[in-house]
Amino acid sequence: MRILLLSMPDSFEHTPTVAVRMPNGALASLAGNLDPHHRVAIADLVLAQASVRRTVERLVRDLQPELVGLSVMTFQRGTARRIISLVRSIAPGVRIVVGGYDPSLAPRAWTHHELGVDAIVRGEGELTFRELVRALDERTPLDRVPGLWFRDVHGFQQTAPRPVTAVENGTLRPPNRAARVLTGYTMMGRDVDVVETSRGCTFDCSFCSIIEMRGRNFHRFPMERVIDDIRDARDRGARAIFIVDDNITLDVARFKALCQAIIDAGLDDVDYMVQGMTSPIATHGPELAPLMRRAGFRYVFLGIENILDEDLGFLKAAAKNSQREQGRRVGNASTAAVEILRKHGMFVIGGLIVGNPGDTSEAIEANLEFARKYVDWPYIQHPTPYPGTPMTRDFVERGLVVNRRVEEYDGTTAVTRSTHLTAEEIEFMRWKAERWMKLRHFPMALRHDPRFVLRHGRQMVAHTFRGSTWRSLIGLESARTVFGRYRALRAREREYVDWPDPLADTAGNGPVASAPAQVHVTVGQVPR
Ligand code: B12
Ligand code: SF4
């Protein structure tokens, strides 16, 4: 079968496409796990953000796919609907399959007859997609494929949820990066790729989609496979690799072994990025951080979430941010984690969430002040009611969700208010402070990637400060006016596809409660 896999072009405020265009790891993994006789092509549309319609039209005409699969996050729902409609207009008989976080957690948003989706793959996709394609190919019934919602003459049918894959036993084959048909992946001018070393997390932060997606469990890929995968990415040109694990710091001993294995394999000439929790980094930093640095780790995304205990309680993120001494909680681990990483020459991308239900302007300001002092690249977001999370239910019950247009659920648009502040005020405070924090990182970026920053620095600054004019820079316009202009620009940027949305405003919007996407087995669970 000829298969075209697409990831959406929509991008995020903190990862502007001028500097960051990463491949979607899910698609290469799906491609690697299909039966080998299929012809698969992967197109990450973030590489063609300025020409999405033309690119999709060309790919569909040239490749003549019989099945198109789309990987979709919630804020990309509207774009995905337009792309489906565009694909159908060129190839009416093509089968459409959707997967990823949004179809998994809000499947009902994908069942509208006018949209014409044929199948929804819920949860982890490799095995379900392989069996789905096999069944279509061999014309066997789809109701024997677990993890699926599929359309037949009676409407959508649901099969049993599929258990989470125990990836440690070699069930999954490696990703197929050769299937990618577009070029231009970059992280500040370096070719970039993504690699997984584990899947899942045993924590249950209230804002995170992962638990509803796959339950609380942790599965490790065999180390040999991980090293082979990194080598494959590097052999194909990657000089920066993002380790996309949900929470690699759950098993610090293994993380250290990974660093050592990277060094031993001579793969330490790559810049690695990873995300982790503050608590294990603060506790194990003295041995872990020097090893990380030697292995090539450069940017570490820290899930700080919030520095105030009350907010951490709401986000259910207190435990993962606890500094402990002799088993007792003695405070917040964020400062210690930042200091140890910086001491060993790594940069901290600080993940914070401001605008929680009880937040006052003082509470937000305290977090912004922390970010100014301790964070190299701010990754500050607002609580966003993604489908099925406990936080979504909480915000809905408190009546604090003020915006149900999911295409604006991009993390930096405030779509909820607090009991003290409007959504707009919350977003304004973050936006105003964050631009200057980003500007401060430019000299460090210049030292590390001089050619890229010299060539694209102006564009990056222009992106960070978009909405500003000479008048605003010399104080003749207020920050509120600039903010208004920025928001109007951001709204226009969301129109990625020059094609109408088949459902327009009619359906599928708003946070949707869902049933868990997968059977929650706990094999390989790590004690907290
Ligand atoms: C890596 C990552 C990123 C990277 C993206 C790199 C890249 N190009 O892939 C970066 C840092 C840039 C990023 C940014 C954002 N991310 Co992000 N990210 C992740 C993370 C940590 C891992 C994703 C991953 O690669 N997993 C490995 C692959 C193999 O698994 P997978 O993606 O789940 O895919 C499997 C299934 O979903 C399914 N599947 C997926 N697509 C398809 C398609 C088809 C056809 C089929 C059949 C199956 C299928 O099969 C796959 C294989 O099993 C997740 C999860 C997490 N716990 O936090 C969040 C996550 C996906 N991100 C999320 C969000 C919201 C964002 C941001 C909007 C804001 C933010 N929180 O940072 C931005 C926007 C990104 C953008 N497009 O600009 C949310 C999505 C929530 C939702 N309901 O949509 C998640 C779940 C985190 C969360 N908050 O809970 N992210
Ligand atoms: S620790 Fe990270 S991956 Fe785990 S539940 Fe919390 S936010 Fe999600």
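Residues numbered from 1 in each chain as written. Chains lettered and ligands numbered in written order. Predicted model: local features only at pLDDT ≥ 70, side-chain atom pairs only at ≥ 80, totals over all residues. Heavy atoms only, no water.

Student: Looking at this structure, how should I read the packing of helix H11 (residues 334–343) against helix H12 (residues 361–374)?
Tutor: Think of two packed helices as two axes; the pair is described by the angle between the axes and how far apart they sit. Between H11 and H12, whose axes approach to 11 Å, the crossing angle comes to 20°. On the basis of their axis angle, the class for H11 and H12 is roughly parallel. In the crossing of H11 with H12, the sense of the turn from one axis to the other is right-handed. Contacts between H11 and H12 pair Ser334, Thr335, Val338, Glu339 and Arg342 from the former with Phe370, Lys373 and Tyr374 from the latter. Along the lines of polarity and charge, the residues of the contact of H11 with H12 split into three nonpolar, two polar and three charged. (Axes fitted to C-alpha atoms, helices over the stretch in contact; angles between N-to-C directions. Helix = DSSP H or I, 4+ residues; strand = E, 2+ residues; numbered from the N terminus. Parallel < 35°, antiparallel > 145°, perpendicular 65-115°, else oblique. Left-handed = near helix turned anticlockwise from the far one by under 90°. Contact = heavy atoms within 4.5 Å. Nonpolar A, V, L, I, M, F, W, Y, C, P; charged D, E, K, R; others polar.)

Student: It is not clear to me how the site of ligand 1 should be interpreted in this structure. Could you clarify?
Tutor: The environment of ligand 1 is made up of 39 residues, and the closest members are Ser71, Thr74, Glu126, Ser209 and Tyr379. Note that a nitrogen atom of ligand 1 is positioned 3.1 Å from one of the backbone N or O atoms of Asp10. Here Ser209 contributes a backbone N or O atom positioned 2.8 Å from an oxygen atom of ligand 1. Considered class by class, the residues forming the shell around ligand 1 number 18 nonpolar, 14 polar and seven charged. (Near = heavy atom within 4 Å. Polar contact = N/O pair within 3.5 Å; in protein donor to acceptor, adjacent residues only side chain to side chain.)

Student: Would you mind going over the pairing of strand E4 (residues 67–71) with me for this structure?
Tutor: With five of five residues buried, E4 lies mostly within the body of the structure. By the alternation rule, side chains of E4 split into Leu67, Gly69 and Ser71 and Val68 and Leu70, which are all buried. Relative to E4, strand E1 (residues 2–7) is paired through five bridges, and the arrangement is parallel. The partner of Leu5 across the bridge, within E4, is Gly69. Taken together, the five bridges between E4 and strand E5 (residues 95–99) define a ladder with parallel strand orientation. Across the sheet, residue Ser71 finds its bridge partner in E5, namely Gly99. As for the winding sense of the linkage, the β-α-β connection from E4 through helix H3 (residues 77–90) to E5 is right-handed. (Buried < 20%, exposed > 50% of the residue type's maximum accessible area, 1.4 Å probe, protein only. Pairing = 2+ DSSP bridges. Right-handed = clockwise from strand over helix to strand, strands pointing away.)

Student: What is the right way to read the side chain of Arg122 from this model?
Tutor: Along the chain, Arg122 turns up in the loop between strand E6 (119–121) and helix H5 (126–138). Look at Arg122: it is buried, it has no salt bridge, and the nearest opposite charge is Glu212 at 6.6 Å. Within polar-contact distance, the side chain of Arg122 engages the backbone oxygen of Ser104 at 2.8 Å. (Lys, Arg positive; Asp, Glu negative; His and termini not counted. Salt bridge = Lys/Arg side-chain N within 4 Å of Asp/Glu carboxyl O.)

Student: How should I be thinking about the packing of aromatic side chains in this particular structure?
Tutor: Per the counting criterion, the structure on display carries 13 aromatic pairs. For the pair Trp436 and Phe465, a centre-to-centre distance of 4.8 Å together with 70° between the ring planes defines the contact as edge-to-face. Of this pair, Trp436 sits in helix H14 (residues 423–448) while Phe465 sits in the loop between helix H15 (450–464) and helix H16 (470–473), and the two are 29 residues apart along the sequence. Overall, the relative accessible area of 45% leaves Trp436 in the partly exposed class. Judged by relative accessible area, Phe465 falls into the buried class, the value being 11%. Linked through ring pairs, Phe428, Trp431, Phe483 and Tyr486 together constitute an aromatic cluster. A cation over a ring is seen here: Arg180 above Tyr185, with NZ or CZ 5.3 Å from the ring centre. (Phe/Tyr/Trp six-rings, centres within 6.5 Å; stacked < 30°, edge-to-face > 60°. Lys NZ or Arg CZ within 6 Å of the ring centre and 35° of its normal.)

Student: Looking at this structure, I do not really get unusual backbone geometry. What am I missing?
Tutor: A negative phi holds for most residues other than glycine; trans holds for most peptide bonds. Of note, the phi angle at Arg139 is positive, near 55°, even though the residue is not glycine. For Arg139, the position within the fold is in the loop between H5 and strand E7 (148–152). You can call Arg139 exposed: its relative accessible area is 76%. Of note in the backbone geometry, Glu305 takes a positive phi value of approximately 65° without being a glycine. Along the polypeptide, Glu305 turns up in strand E15 (residues 297–305).

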